[in-house]
Amino acid sequence: MSVNPVSYENRNGIGLVIISNPPVNAISPEVVAGLREALAAFETDAQAKALVIHCEGRTFVAGGDIASFESPEFDTRPFSSLLTRLDTSPRLVVATLHGTVLGGGLELAMACHYRLALPDTRFGMPEVRLGLLPGSQGTQRLPRLSGVSLALSLILTGQSVSANDALAAGIINEIAEGEPLALGIAAAERLVEAKAPLRRSSGLKIAIDAATTQALAEAAATAAKKPAYPALGAIVRAVEAAVNLPFEEGERVEAREFDQLRLSSTSRALRHLFFAERAAARIPSLKGDVARGPNSVGIVGAGTMGGGIAMNFANAGIPVVIVETSDDALRRGLSLVRRNYETSAAKGKLNSEQVEKRMGLLTGSLDYASLASCDLVIEAVFENLQIKKDVCARLGQVCRTGAIIATNTSTLDLDVLAEATGRPADVVGMHFFSPANVMRLLEVVRGARTAPDVLVTAMQVARRIGKVPVVSGVCYGFIGNRMLEPYMRETEFLLLEGAHPGQIDSAVESLGMAMGPCRMSDLSGVDIGAKVVIGQYEAGALPPDPSYRVVVRRLFELGRHGQKTQAGYYRYEGRTPLPDPLVADICADLAREHGIARRGVITDQEIIQRLMYTLINEGIQILDEGISYRPGDIDIVWTAGYGFPDYRGGPMFMADQIGLSEIESTLEHYGRVRGNQFGYWTPSNLLKSLVVTGQRIGGWTR
Ligand code: 3H9
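Residues numbered from 1 in each chain as written. Predicted model: local features only at pLDDT ≥ 70, side-chain atom pairs only at ≥ 80, totals over all residues. Heavy atoms only, no water.

Caption draft 1: Region of the structure containing helix α12 (residues 304-315). Compared with the 16 Å implied by 1.5 Å per residue over 12 residues, the 16 Å span of α12 between its first and last C-alpha is a close match. Of the residues making up α12, those classed as buried are Gly306, Gly307, Gly308, Ile309, Ala310, Met311, Asn312, Phe313 and Ala314. Looking at the residues trailing α12, positive phi occurs at Gly317, about 80 degrees. (Helix = DSSP H or I, 4+ residues; strand = E, 2+ residues; numbered from the N terminus. Expected span 1.5 Å × (residues − 1). Buried < 20%, exposed > 50% of the residue type's maximum accessible area, 1.4 Å probe, protein only.)

In C-alpha cells form, the structure reads like this:
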C-alpha cells in the first residue's frame, strides 16, 4: 500500500504541509499529487491563518525526482501550477528550510511568501549539471529575488550558496536556529500578528540596467562557446524572458526549453551519470559490513603521487604520516605539496591559515615504525613489482592488527602484492589518478582475498576525501587502463599506416574527448607508457605481434619522453604541441620494418571507430569477466578519470546510442580489412549475445 508522502493538518490555526519522501524529499509525481491534495485542504480550511511548508528528515526538497524525468508523460506544469497557487494565496505561506534546498526545492521555497532557514542550509539550482534548466519557474523567480547577475551565475554553474549568502542576496528572509517546524510556525504566527504584507516573488520588478544587460551578454557569449551543453543557451534565453516578459510568458518560455532539454541526448547522458555515480558506491555482494574507521593515514612514498594522495587526506582534515627513504626525498615531496597549496592560495582558493593547517596535518618520517598506529597505509612507491613487494612485506609487519594496507599500483597484480604482506585480507587497491589531488576518480581494487569490511572502508574513505570510487576486480590495468590498451594500440597502428598525431587527436577531440591519445601520452610521459609496454613484454604478456606498440617504444629509445623533453609525438614550444616531421619519418621507418602498408587517406570516421569501438568492446569484455560490476561503473571511470565527454554518458552509454550491432559489424569489418591474426577485432562474447537478443548494454546485469 502506498503512503501519501504529503500530509496536511491544522495546528492551532496554522496549516501545515509536511513532505516526507526519503531520502531527499524529491518532487516525485506522488509528491505533486500529495501537494495538490494538501493545498486544496488548506484552501478550504477557513480556520487556518497561514500555511507552513516543512520537510521531514535530513533535508528540505533537494529537487525534482530525476528518475521521473525518464517517463514520456513527465511534465513540469502540474508542479508549476501548484507553485502559482502558493504564490497567489491570499493567506501567508512560509517555507521553513534545512539541509539542501536545490532545484525544484528552491522553486517551491521561492513560491512561498516568506523563507526562513537553519544556518547550515545550502541553496542552489543544480539542474544544469543534468543538462537541464530549472523547469518550475526557477528562472523567473530567482532573478526577481537575487538580481539577474547572481541568478545567472547560480543557474549556469549549479553551485550552491550558504544561508548567509542567500540572506544577503535576498533569496531568503531569515536565518534561525532550532527545530525547523517550530521555527516555521512561530514565524507564521508572528507575521500574521504583525499583519505583514505578503511578498510575492512573481510580482517583484527586475532592474534593467547596464549590469543586467552585460551579465546577459556575457552569459550568452559563454553559452555560445559550449554548444555541447545546450542548457546554457536555454538558461540565458529563459532569464532574458524573465527580464523582458511578464511572469506567465517567461514561465512558458522556460517550460518549452525544459521540455526540449529533458529529451536531449545530453541531458539523458548526464542523468545516467548522476545515477551511475551513486550506483557505483554500492557493492552487490556485501551484507551490512561496517567500515573500519579510519582516522589516521600513512603513505609510503613522497613522490608526485604520494604527495598528491596525502593532500586529499589533509584537505579532509585527516592527519597523514609520510614515509620516505631519504631526508632529501622527504623534503622535496613536502615542499612540492606546500607549493601546490600555495598555488591554490595565490588563486584565492585557500587562505594562508588553511595552508598552514593542512601542512600541519602532514608529518614526514624516515622510519616505517611511524606507521605502526595508522588505520590505513597506502603505498605509493615506484611501479616495480619487486620494490612494491618489499614495501608490502614491511607494511605487513609494521602495521597494527586491523589496519588496512592499500596499494596504489596501476598495473601490477594486486593479489601478488597482497600475499607479500602476509595478511591479504587487509589489502585493497586504491588506484589514484594523476594529479591525485585533482582527479576525481579512484579505482578501488578488490583482491581475491580482500575482506568485505576493508572494501567498504576503502569506498567510504574515497567519498570522505571527495573522490568518485569505482570497484574493479584484478586484471592487467584494472578497468580504465585495460580499456586504454586497445585505444593506444590502434592509435599506433594508425600512425604506422600514415595518420598524423594531430589528425588522430583532433578526430577524437571532435567527439569530445578532453585530449587525444598523442597529446595525452606526451603529457603523462612517453617513458611511462613505454616502460609499461616493456614490462609487459618482459613478463611475456604481449600479443605475439612484433609490430605491437612499436611507436611508443621507439620514441622512448630516442629520448622523446613527451612534454618534459619538449619532444614526443609532437615537438613543443613551451607547452604548445607542434607537428614534427621527424615523427612521421619514425613511423614510416617502423612501418617499413614491420611490413605495414602506408595509406593515402585515413578518415576521421575510421580513427574514431578504430579507437572507440575497440575500447567499447574491451569494456564489454570486462563486464563479461566480472571485473566491473555494471556498465555504469565503466562510464564513471571514463568520464571521471579519462576525459571522456560527460555529455556522451561514457563509453557504455555511447555504445547503446551507436547501436551494439553496428559496433559488432564494424569490428568484424576491420577484422576482415586489417586481418585478425591476434584477435584484435574479435567481438566479445557478451557483445555478440546482446546483439542476438537485441538487448542494450546499459540494461545488462550479471
Ligand atoms: C529539478 O529539480 C528540476 C526542477 O527544476 C523541475 C522539476 C520539479 N531525484 O547524493 P546522495 C537520491 S532537477 C531522485 O548519495 P548526499 C540519490 O540517487 C533536480 N533521487 O546523498 C541517492 O539514492 P540511492 C535538481 C535523488 O547526501 C540518495 O538520494 N536537484 C535526487 O551525498 C542520496 O543521494 C539535484 O540535481 C533527486 N533529485 O547528497 C540534486 N537527489 O541511495 C541532486 C538525490 O538510492 N542531488 N537522490 O543511491 C544531490 O545533489 C545530492 O543527492 C544531495 C545529497 C546534495 C541532495
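Still more ground to cover, so stick around.
Caption draft 2: Expanded view of the pattern of salt bridges. Enumeration according to the criterion identifies 35 salt bridges in this entry. Put simply, Glu379 and Lys388 hold a salt bridge, and the shortest N to O gap is 3.0 Å. Arg554 is the partner of Glu557 in a salt bridge, and the nearest nitrogen-oxygen pair spans 3.4 Å. Linking Glu557 with Arg554, this pair stays in helix α22 (residues 550-557), spanning three residues, or about one helical turn. Residue classification places Glu557 among the exposed positions, given a relative accessible area of 60%. It is possible to trace a salt-bridge network through shared partners that takes in Arg489, Glu490, Glu497, Arg599, Glu606, Arg610 and Arg674. (Salt bridge = Lys/Arg side-chain N within 4 Å of Asp/Glu carboxyl O.)

Caption draft 3: Fine view of the domain arrangement of the protein. The domain boundaries assigned to the protein delineate domain 1 (6-263), domain 2 (297-472) and domain 3 (480-699). Distance between the C-alpha centres of domain 1 and domain 2: 43 Å. (Domains from an automatic or database assignment.)

Caption draft 4: Here's a closer look at the site of the ligand. Within the structure, the ligand sits among 26 residues, and Arg58, Gly64, Glu127, Arg278 and Arg282 are positioned closest to it. Contact distances for the ligand include 3.0 Å between a nitrogen atom and a backbone N or O atom of Ile66. Gly135 is positioned with one of its backbone polar atoms (N or O) 3.0 Å from an oxygen atom of the ligand. Elements with a contribution of two residues or more to the shell around the ligand: β5 (100-102), α3 (104-111) and α11 (265-280). Ranked by residue count, the leading element in the shell around the ligand is α11, at three residues. (Near = heavy atom within 4 Å. Polar contact = N/O pair within 3.5 Å; in protein donor to acceptor, adjacent residues only side chain to side chain.)

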